Each structure stands twice: as structure tokens, then as C-alpha cells.
Amino acid sequence: YQRIHGSVPRHAVRWNSISMVQQVRLQDIIYDKADGEGVAKITINRPEKRNAFRPETIEEIMRCMTDARDDPEIGVIVLTGAGTKAFCSGGDQGVRGEGGYVGPDKVPRLNVLDLQVQIRRMPKPVIAMVAGYAVGGGNILQMMCDITIAADNAVFGQTGPKVGSFDAGYGSTQMARLVGQKKAREIWFLARLYTAQQALDMGLINTVVPLEKLQEETIVWCREILRNSPTALRVLKAALNAAEDGQAGLQELGGNATLLFYQTPEGNEGRQAYLEKRRPDFSKFSRFP
Ligand code: S0N
């Protein structure tokens, strides 16, 4: 073995410490927070490409999603596209290379998959506000959102099999959960486009409103959600995910149990005892039936 592969070098490694990570100026998206509303809005801003995403677009959306998640003032996140012609037309075929979509660093990526997971795990509701085309990876993004509000000009569908791409992850499985196995196979195998009303009828989206009412109706839904208990919403989302996400889903739901437990006197007794270097006294806490 040694003769063929040689020995592995054993010299000491030199670590270069990095104390700052890059800040990104938003180019492909617009990020807004509504005054005093608790709503953040992320708008894909490439209307000349029907809001197709490239790696930088996804990177920027993910940063803003993280910001909105960490902002205690934000309770709902709206994902949308600039203009009225498209929500998102999927991956930018102009930068598709071998192995993924290529950004300025020349590395091919499928980082939209990371965004799908981020939306899935977001502990706040994410609403897709869809005008125009939601096709390919754009349809998958709207499917990953908790709620979809569509304008009456919206069009949905998968184009992958026509352009040599597919999403065999959430893009297939989440679709089947939403519309059923037969319909999901039809959508993927025939790669047809569907009107907003057809999408509503098959359970792909939540509601259809006139285009000119899209923003207004979305804000009404946001306000209605924001009246409700944030903890109830986050645990319900985790529970709905957990039923389908296996160990990852249980981890998310379990995290919520820990979050709640940390807010109880029983949880705090353990921490306090450790800090005070004494034995914890859990005797006063009930053992519920
Ligand atoms: C959206 C369509 C139907 C709109 O038609 P319309 O209104 O007639 O406009 P066009 O004249 O066709 O388009 C206007 C300009 O925009 C450009 N453009 C549109 N879409 C794209 C795109 N996706 N990529 C690059 N450019 C786009 C047009 O080229 C045109 O530009 P000019 O004026 O310069 O010619 C229609 O545009 C359409 O069908 N678009 C293509 C839709 C499509 O096939 N999308 C890709 C599907 N695949 C994916 O999304 C894969 C995504 C992915 O990364 C992935 C990978 C692994 C696992 C999962 C996924 C995932 O799906 O998320």
C-alpha cells in the first residue's frame, strides 16, 4: 500500500485565522422591512430574466432570510419577484455549467437546495407572493414557502424535463405531498404550465387574487398571522415538517421543546445549580401523568 500511495505527510499544519467574513452588497434582490408591521420582504430583482436565479441571487436571499430570522421584530417573511411578469423562472440557464450554476468564483453550485432547506427550517412563516411565472426552480421555491398567495396572472409548472434538469428532492416529494402522486407525475412528466386557478384547485397554492390586489391581500394575511402566538406558529410549523422530515424534522421539533424548557423554572433550576456549584433540587417539580 505504502509503495503505491506513499506515506501521508506529518508536518505540522499552519492555521490562518480569519476574523471577518465577507459583507455582501445586494445586487440581485431587494430587501425591505415594513415600518412597524413585523413583515420582511425579499424581492428577486432580475425582471429582464423573468427573475431567474443565479448563485449570487440565492446567496443574497439566504443572507436576508437569516437576517429576518434573527430580527425579533420580524414575524413573517414574504418572498416575491420584481414586476408582474414573473415570481421566478428557476435557475438562470445562461450561467448553467457542468455541475451547477456558475458564479463569479467559477464554481458550479446548486445552492438553491440550501435555500429550500432554509425556508423549510425558518421558524417564522414564509409567504410566497406570486405574480406571473413561477416555473422550474421558481415553482419549487413557492412550494417550499408555507403559504402562497397568487395573482390571477400567475402561471405554475416545471420545465426541467424540457431543458435537461430536475429536482428529485423537495421539488418532487413536496409536490406529491401538495397535489398527490398522480398530479405530481403529470406536472413533471408533461412539463405543462397551469393557471393560478388550476394551481389552486390542485392544492399547489392557497389563494388567487386580482393582480392589483396582490400586495394588499398579502399584507392582510401577514397581519392576520401576526396576531397569533409566535410560539404556536413555530411549533406548528416544526410539527408539520416533522411528520415528513424524519430525524431532521424531529431535531427541529425537539429544538422547540428545548427552547420552551429553557423558559421554565425546572429548566432554570438545573442551570442555576450548576452555576452555584450545588446539587440541583428538582423535587418541587411535578411528574405529570
Ligand atoms: C418563464 C417563461 C415561460 C416566460 O416566457 P416569456 O414571458 O415569453 O419571456 P421570455 O421571452 O421567454 O423571457 C424573457 C427573457 O428572460 C430570459 N429568461 C427567462 N427565464 C430564464 C431562465 N430560467 N434562465 C435564463 N434566462 C431566462 C429569456 O431568455 C429572455 O431573455 P432575452 O430577452 O435576452 O431572450 C420562459 O422565459 C421560460 O420558459 N423560461 C425558462 C424556464 C426554465 O426552463 N427554467 C429552468 C428550469 N430548471 C431549473 O429551474 C433548475 C433549478 C435548479 O437549480 C435545481 C437544481 C437541482 C435541484 C433543484 C433545482 C430546482 O429546481 O430548484
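What you see is a predicted model, and the numbers here were worked out from it, not measured in a lab.

Some points on the pattern of salt bridges
Now for step 1: Applying the stated criterion across every chain yields a total of 18 salt bridges.
Now for step 2: Linking Arg63 and Glu59 is a salt bridge whose minimum nitrogen-to-oxygen distance equals 2.8 Å. Residue Arg63 and its partner Glu59 are both found in helix H2 (residues 55-70); the two are separated by 4 residues, about one turn of the helix.
Now for step 3: On the basis of relative accessibility, which here comes to 33%, the residue Glu59 falls in the partly exposed class.
Now for step 4: Through salt bridges with shared partners, a single network forms among Asp28, Arg46, Arg54, Glu56 and Asp92.

Observations concerning the pairing of strand E3 (residues 76-81)
Now for step 1: Among the 6 residues of E3, 6 are classified as buried, and the element is accordingly described as predominantly covered.
Now for step 2: As paired strands, strand E2 (residues 39-44) and E3 are joined by 6 bridges and run parallel to one another. If you follow Val39 over to E3, its bridge partner there is Val76.
Now for step 3: Handedness of the crossover joining E2 and E3 through H2 is recorded here as right-handed.
Now for step 4: Of the strand pairs in this sheet, E3 and strand E8 (residues 126-130) are connected by 4 bridges, and their pairing is parallel. Paired with Ile77 across the two strands is Val126, which belongs to E8.

Concerning helix H4 (residues 137-144)
Now for step 1: The buried fraction of H4 amounts to 8 of the 8 residues, a majority that puts the element mostly inside the structure.
Now for step 2: Listing the buried residues of H4 in full gives Gly137, Gly138, Asn139, Ile140, Leu141, Gln142, Met143 and Met144.

Things to note about unusual backbone geometry
Now for step 1: A positive phi is found at Asn51, a non-glycine position, where the angle reads about 60°.
Now for step 2: Looking at the element boundaries, Asn51 is found in the loop between E2 and H2.
Now for step 3: Despite not being glycine, Ala191 has its phi angle at roughly 55°, a positive value.
Now for step 4: In this fold, Ala191 is placed in the loop between helix H7 (181-190) and strand E12 (193-195).
Now for step 5: A relative accessible area of 6% places Ala191 in the buried class.

Quick look at the sheet that holds strand E7 (residues 108-109)
Now for step 1: As summarised here, the arrangement of the 3 strands in space is E5-E6-E7, forming an open sheet in which the pairing is antiparallel. Since the sheet does not close on itself, it has two edges, and those belong to strand E5 (96-97) and E7, each with one partner.
Now for step 2: In the sheet, E5 pairs with strand E6 (residues 100-102) via 2 bridges, with the strands oriented antiparallel. If you follow Gly97 over to E6, its bridge partner there is Gly100.

What counts, and at which threshold
- Residues numbered from 1 in each chain as written.
- Predicted model: local features only at pLDDT ≥ 70, side-chain atom pairs only at ≥ 80, totals over all residues.
- Heavy atoms only, no water.
- Salt bridge = Lys/Arg side-chain N within 4 Å of Asp/Glu carboxyl O.
- Helix = DSSP H or I, 4+ residues; strand = E, 2+ residues; numbered from the N terminus.
- Buried < 20%, exposed > 50% of the residue type's maximum accessible area, 1.4 Å probe, protein only.
- Pairing = 2+ DSSP bridges.
- Right-handed = clockwise from strand over helix to strand, strands pointing away.

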